[in-house]
Every structure is written in structure tokens, then in C-alpha cells.
Amino acid sequence: MSERVLVVDDDASMTDMLVAGLQQMGLEVEACDSGERAFDRLERSDFDVVVTDLNMRNVDGIELCERIAANRPDVPVVVITAFGSVDTAVSAMRAGAYDFIPKPFELEVLSIAIRRAIQHHALRNEVRRLREELRSEHPHEELFGNSTSMRKLNDLIDRVAGSSATALVTGESGTGKERVARALHQRSPSRRQGPFVAIDCAALPENLLESELFGYQSGAFTDARTSRSGLFEQANTGTLFLDEIGELPLSLQPKLLRAIQERKIRPLGANREVALDARIVAATNRDLDTEVKEGRFREELYYRINVIQVAVPPLRARGSDVLGLAQRFITTFATASNKRVHGLSPAVAERLLAYSWPGNVRELENCMERAVAVARFEDIRVEDLTERVRSYRSTPVLDESHNAADLLTMEEVERRYIQHVLEMFGGNKARAARTLGLDRRTLYRKLRQYGNAR
């Protein structure tokens, strides 16, 4: 649906010109010849933006701005006038105007101002809605998001949470794979009363990782003065979360495979096996298909942990979820630091939606923690954001409006497009190669050439 614009001017020729020109630009336009009629029209109908002349008889543009700001604050006002000066601009802004454009002006400039005003107020309303939604939201909800991808993810978790089948959670670093694992545990009718035990398979050396997982008997090795139960036993009746399972040493993979298959474990130095009653949830940001083909991960173990695969979407694929998550983090950090910081300014919301978030939710959380720490106002401002987010702009490729200096070489265009396709498929090189029309060997060669191979 086209944006609805109400034009207010007592100069009939100017009104006709604005109506005709803005309609040609795809806007739905109505006109009024006085401030009184304009305000009455706003009382009876909805408009996305008001464009008003400043110097009119009876109710002028300043008074109209004040009335709209007091009674219809959801409608932004763009003021135009032939009497442009700093004083009149300040007066219009103080009266509640979003923008101020002096005559003469190009219609394209006015059209841009109108669309920016609409976007600005839409973002302000979205931030307000998210803030109110957060206040009423259940405080222990594990996964936040109203985007299509998150609704699908939550639906899948609801359907498989009651199963004891092994699950593999995949996704880029920072997407919240452990939160998904915890959601699978919390939504399980039979296991949520049991423990949730997590271990990072990349954080420990091989000998310690084995004893942590399987436990040991007294005397099993030099420092084993007492017996100790492993994480498999500690997770009994609950869930064992194996994070970064792609980093698990090859020598340990057969023992883990047997434990999952037989539902039994043997602690180090023990002469008996212990029954296993824990759901296994593993997670990785690696492409395990590739790891298997290149001999770094056992095929049998991959199939055993990948009974149910749960793919976590990257933040850039979650639309306005980024604003809701940002609001959550602001509330958390402001409360912890006892600061009066309540939300996002519309300009910040625009930056957050435009940024690509390569570090996903973890990067957003760090960005909001920093913003709250340095904030001087009740709303986060652009200057409070990290330099990376403040200075981000999308990469020009075929946009003729950019300078020649902004244009890219064909090699750089190819590199960025390949990276984009890889990101869309969560790093899955097999699917990326098929989409790009390349064989796997060619894709690997190009990734090595660009320094992206893992």
C-alpha cells in the first residue's frame, strides 16, 4: 500500500504542483488549504506524514505542528516555506516538525524527506512496541524472536523437545546454539526436572576431556586419588550438551559413538559399565559433511548425533528481531549498572537494522553493553555504538550513483558474493557450491585463494 500524505498550503498552485508531483512518485496524496481543515482531516482519517507550508493565514505551520504533536504524535510533519532561516527552522523543530525544507526545492528532495520521516516514525513506534512487549514478556523465555525463521525454529523445538533422540544444533558462532539446547531441555516434559550439563569440546586437552566426559576410578592415573563421576553420569535423567563437537579429537570419537549407541559408559580405570540416561544435544559451527569427507570426523558418529538437526538462523536473517534483542540487552545492562537508559533512538534502530552482524547475537550483546556503559541520555544514540556499527554501509556493486573510486574489481565482487552465499547456507560448502554452479574442488580453491578456507 502507498504511503498516505496530507499536503497543507493556502497557495492553490503550489498545492496542485505538490499533489501531482508526489503522486507521480507513487505516493497517495490529499490536500487541504488551511491548518484548521488539515487538523480536522487528521481527526477523521489516518495519514503517514503531513507536508505543510509554514506561512499560512489563521493557523500557520508552527501552530499546526504543535497541535499534531500534542494530539497525533504518530504522524510526522515536514515543513516547507519560502521564509527559510535558522530561527524559523528551530521554531518548527521545537513545535514537533520532523524536517524543514526551504523553498525552492526539488520534488525528489521532498520525496526523500517524506519517506525518511515515515521510516523514522515507524522505527520509533516499533521500538516503543518492543519495549512494551518486553515488559509483559515471560522473564524465563529462552529464545526471543518474532521473525519467520525464529517462529519456525521455536515450532521445531516444541515438536522434538519431548523426544530422547540425539539432536545436532548447527549455526554460525554467536547465534545462540546453547540457548537452543537449553530450550530443548526446558521444554521436555520428562527431562526438564533433571540437570542440564554443558561442556565445550574445544576448551580442554584430549586427556582431560576424556576424564571429564566419562569420569574415572581412584588410581586410574597418577593424580586420581579419589573416584569422580563424569559429565555423562552427572547429566543422568537430564541433558548433556556437547558444544563445538566438531573439535572433538578423532581418538575420542569411537568411545563417544559407543556410549551413544549402547547407552552405557565405562569410567577410566573401571571394570564395570554405567547405564546412561541423558539426552545428548551436540552443537557445531563447522560443516560436518565436509569434516567427514576430509577425514576429520567419523561418519558413524556424525549420523548418530545428527538424528534431529536444528539449524539456528544468523541474526542478519532475523529482520527486526535485532531491535527486540537490543532492547532486552539494554534493559539487562542498565539494570545491572543502575543507569537510566531505557531504549533506542530511531537513528540507532536504523543502524542496527542496516548492519550485517557477522558476530551475530553475541556481537549485538557486546555492542549494547558498550552503548549502555557510555550512554549520556535515556536513549542510546548513534555515538554510543561501536565504530564498526556506526561506520558500516552496504557494499556498492552495480549502483551507478557511486563514484568511480567506490567500484569493485571482478575478483572482489566474486569473493564477496561467494562469502554471501556461504553465509546464507550457514557455512555449508556443499550447498553453496551447488547454488554457485561450481564443483566442490573449484569452490575450495577459490576459498583458499581468498583466505577463507578452514
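Enquirer: Which parts of the structure should I look at to understand the pairing of strand S10 (residues 239-243)?
Expert: Moving residue by residue along a regular strand, the side chains alternate between the two faces of the sheet. Most of S10 is tucked away, with five of its five residues classed as buried. Burial along S10 is two-sided: the residues Thr-239, Phe-241 and Asp-243 and Leu-240 and Leu-242 are all buried. Pairing of strand S7 (residues 196-200) with S10, which is carried by five bridges, proceeds in the parallel orientation. Of the residues in S10, the one forming a bridge with Val-197 is Leu-240. Sheet analysis places S10 next to strand S13 (residues 279-284), joined by four bridges and oriented parallel. Within the sheet, the bridge partner assigned to Leu-240 lies in S13 and is Ile-280.

Enquirer: What should I look at first to understand the pattern of salt bridges in this one?
Expert: Should the charged atoms of two oppositely charged side chains come close, the side chains can pair. What the rule picks out here adds up to 24 salt bridges. A salt bridge links Arg-191 to Asp-277, with the nearest nitrogen and oxygen atoms 3.1 Å apart. Here the residue Arg-191 occupies a position in the loop between helix H7 (177-186) and S7, and Asp-277 occupies one in the loop between strand S12 (274-275) and S13, the gap between them amounting to 86 residues. The exposure class of Asp-277 is partly exposed, given its relative accessible area of 33%.

Enquirer: Just to check I follow, could you spell out the environment of Gly-162 for this structure?
Expert: Positionally, Gly-162 belongs in the loop between helix H6 (148-160) and strand S6 (167-170). Assessed through its relative accessible area of 49%, Gly-162 is described here as partly exposed. Sequence separation of Gly-162 and Gln-186 is 24 residues, and the distance between their C-alpha atoms is 9.9 Å. The residues contacting Gly-162, other than those within four sequence positions of it, are Ser-188 and Pro-189.

Enquirer: Would you mind going over the side chain of Asp-384 with me for this structure?
Expert: Counting through the fold element by element, Asp-384 comes out in the loop between strand S16 (379-380) and helix H16 (387-390). No salt bridge is formed by the buried Asp-384. Its closest oppositely charged neighbour is Arg-376, at 5.5 Å. In this structure the side chain of Asp-384 is engaged in a polar contact, spanning 2.8 Å, whose partner is the backbone nitrogen of Arg-381.

Enquirer: Can you help me understand the packing of helix H13 (residues 321-337) against helix H15 (residues 360-374) in this one?
Expert: Axis separation between H13 and H15 bottoms out at 9 Å; the angle between their running directions is 45°. It follows from the interaxial angle that H13 and H15 lie oblique. You can see that H13 and H15 cross each other, and the crossing is right-handed. Residue-level inspection shows Val-322, Leu-325, Ala-326, Phe-329, Ile-330, Phe-333, Ala-334 and Ser-337 of H13 in contact with H15, the latter providing Val-361, Leu-364, Glu-365, Met-368, Glu-369 and Val-372.

Enquirer: I'm lost on unusual backbone geometry in this one. Help?
Expert: Glycine aside, residues mostly have negative phi angles, and peptide bonds mostly take the trans form. For Thr-237, which is not glycine, the phi dihedral falls at a positive 70°. Positive phi is not limited to glycine here, since Trp-357 has a value of about 50°. Assignment of secondary structure puts Trp-357 in the loop between helix H14 (346-354) and H15. By relative accessible area, Trp-357 is classed as buried at 1%.

Enquirer: Just to check I follow, could you spell out the nonpolar core for this structure?
Expert: Burial of nonpolar side chains together is a common tendency in soluble globular proteins. Of all hydrophobic cores here, the largest spans 31 residues; its most connected members are Phe-232, Leu-242, Ile-245 and Ile-305. Broken down by secondary-structure element, the contributors of at least two residues to this core are S7, helix H8 (206-214), helix H9 (231-234), S10, helix H10 (253-262), S13, helix H11 (288-293) and helix H12 (299-305). In terms of residue count, the dominant contributor to this core is H10 (four residues). Leaving out residues up to four positions away in the same chain, Phe-232 has contacts with Leu-213, Phe-214, Leu-240, Leu-256, Ala-259, Ile-265, Leu-276, Ala-278 and Ile-280. Listed in part, the 29 residues of the second largest apolar core include Leu-123, Phe-329, Leu-364 and Val-389.

Enquirer: Looking at this structure, how should I read H15?
Expert: Residue pairs three or four apart in sequence face the same way in an α-helix, which turns once every 3.6 residues. The end-to-end C-alpha separation of H15 is 22 Å, in line with the 21 Å expected for 15 residues at 1.5 Å each. Taken together, the buried positions of H15 are Asn-360, Val-361, Glu-363, Leu-364, Cys-367, Met-368, Ala-371 and Val-372. Burial along H15 is one-sided: seen end-on, the buried residues are contained in an arc of 165°. Against H13, strand S15 (343-344), H14, S16 and H16 lie the buried residues of H15.

Enquirer: When you look at the sheet that holds strand S3 (residues 49-53) in this model, what are you seeing that I'm missing?
Expert: Adjacent strands of a sheet pair through backbone hydrogen bonds, lying either parallel or antiparallel. Read from one edge of the open sheet, five strands run S2-S1-S3-S4-S5, paired in parallel fashion. Each edge of the open sheet carries a strand with a single partner, namely strand S2 (28-32) and strand S5 (99-102). The average angle at which neighbouring strand axes cross in this sheet is 20°, direction not considered. Note: strand S1 (residues 4-8) against S3, four bridges, orientation parallel. When the bridges of S3 are listed, Val-8 appears paired with Thr-52. Each of S1, S2 and strand S4 (77-81) touches helix H1 (residues 12-24); the most contacted strand, S2, lies at about 170° to it. Each of S1, S2 and S3 is contacted by helix H2 (residues 35-44), which is oriented at about 160° to S1, the strand it contacts most.

Definitions and cut-offs
Residues numbered from 1 in each chain as written. Predicted model: local features only at pLDDT ≥ 70, side-chain atom pairs only at ≥ 80, totals over all residues. Heavy atoms only, no water. Buried < 20%, exposed > 50% of the residue type's maximum accessible area, 1.4 Å probe, protein only. Helix = DSSP H or I, 4+ residues; strand = E, 2+ residues; numbered from the N terminus. Pairing = 2+ DSSP bridges. Salt bridge = Lys/Arg side-chain N within 4 Å of Asp/Glu carboxyl O. Contact = heavy atoms within 4.5 Å. Lys, Arg positive; Asp, Glu negative; His and termini not counted. Polar contact = N/O pair within 3.5 Å; in protein donor to acceptor, adjacent residues only side chain to side chain. Axes fitted to C-alpha atoms, helices over the stretch in contact; angles between N-to-C directions. Parallel < 35°, antiparallel > 145°, perpendicular 65-115°, else oblique. Left-handed = near helix turned anticlockwise from the far one by under 90°. Core = buried A, V, L, I, M, F, W, Y, C linked by side-chain atoms within 4.5 Å. Expected span 1.5 Å × (residues − 1). Arc of directions from axis to C-beta.

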